[in-house]
Amino acid sequence: MGYLYYIQGVHSVRVELDRQGKTNDVERYDIAKQDFISDWRMLKFMEKEHFKEVNAIHFWANIATNNYEQVKLSIDPSLNRKDFQYFITQGFAVRLRHNYRDKRVTCERYDPYGKGFVKNWVLLAEIFNPDLSTEVTCKNFWAFIAKSKYNVFSAN
């Protein structure tokens, strides 16, 4: 199993291939949800429009840039917003989602095996321990995910 990565404008699309090299799933990165969603219609768009095939590093860098721009645009002075804090904790990418409207905090760890962000409350205790965790910028957070040894890239 591997991935092929495509970019067209703000759309970041990855195509999951099975062991025979056939398309298993087509996922589009949704900036609003900050996660991948299955979107098979992108396969049709890829045939009609110009999608550029890129390597995994450029793919995640594009997502990092788009996320950074989205975070900059979503800052609302009325505090009716969701903000993120990004951490690298014991070799994993972890983010805290602050929802100022509901006064809630969600701790999510990135699962590099295809499940995206998974809630993990255990890490909340380790996040602010400087021996176990480092706070990073949004761009460095996504760069870490891109370069993580746990990701399977389609370089072969």
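Residues numbered from 1 in each chain as written. Predicted model: local features only at pLDDT ≥ 70, side-chain atom pairs only at ≥ 80, totals over all residues. Heavy atoms only, no water.

## Structural notes on the overall build of the chain
Using the following cut-off: Helix and strand labels come from DSSP, where a helix needs a run of H or I of at least four residues and a strand needs a run of E of at least two; each type is numbered from the N terminus. Residue exposure (1.4 Å probe, protein chains only): buried if accessible area is under 20% of the type maximum, exposed if over 50%, otherwise partly exposed. Residues count as neighbours in contact if any of their non-hydrogen atoms are within 4.5 Å of one another. Note on areas: these come from Shrake-Rupley sampling with a 1.4 Å probe, and a residue is covered only by the protein chains present in the view.
Counting its regular elements, the chain contains 4 helices and 10 strands. Going residue by residue from the N terminus, the α and β elements of the chain occur as β-β-β-β-α-β-α-β-β-β-β-α-β-α. Expressed as a percentage of its 156 residues, the buried residues of the chain come to 42%. Here the analysis covers contacts within the chain between residues at least 6 apart in sequence; of these, 47% occur between residues at least 24 apart. In the structure as shown, the chain presents an accessible area of about 9,600 Å², 52% of it carried by carbon and sulfur atoms.

## Notes on a nonpolar patch on the surface
Condition: Patch membership requires over 30% relative accessible area and the absence of a salt bridge. Like charges are linked within 9 Å, and nonpolar side chains (Val, Leu, Ile, Met, Phe, Trp, Tyr) within 5 Å. Salt bridges are defined by distance alone: a side-chain nitrogen of Lys or Arg within 4 Å of a carboxyl oxygen of Asp or Glu.
A cluster of nonpolar residues, Val105, Trp121 and Leu124, forms a patch on the protein surface that exposes about 260 Å² of accessible area. Looking at where Val105 falls in the secondary structure, it is placed in strand S8 (residues 104–111).

## A look at the environment of Thr134
Its location among the elements puts Thr134 in strand S10 (residues 133–136). With relative accessibility at 45%, the residue Thr134 sits in the partly exposed group. It is 9.2 Å that separates the C-alpha atoms of Thr134 and Gln90, two residues lying 44 residues apart in sequence. Contact partners of Thr134, with chain neighbours within four places excluded, come to Tyr86, Phe87 and Ile88.

## A closer look at unusual backbone geometry
With phi around 50°, Gln90 is a residue other than glycine that occupies positive phi space. For Gln90, the location among the structural elements is in the loop between strand S6 (82–89) and strand S7 (92–99).

## Some points on the pattern of salt bridges
Two side chains bearing opposite charge may form a pair once their charged atoms approach each other closely. By the definition in use, this model includes 5 salt bridges. Of the charged contacts in the structure, one is a salt bridge between Glu27 and Arg14, with a shortest N-O distance of 2.6 Å. Of this pair, Glu27 sits in strand S3 (residues 23–30) while Arg14 sits in strand S2 (residues 11–17); the two residues are 13 residues apart in sequence, bridging distant segments of the chain. Taking the relative accessible area as the measure of exposure, Glu27 reaches 11% and is therefore buried. The closest approach of N and O atoms between Arg97 and Glu108, which form a salt bridge, is 3.3 Å. Note that Arg97 is positioned in strand S7 and Glu108 in strand S8, a separation of 11 residues in sequence. By the burial criterion, Arg97 is buried, and Glu108 matches it. Look at the salt bridges and you will find they share partners, linking Arg28, Asp39 and Arg41 into a network.

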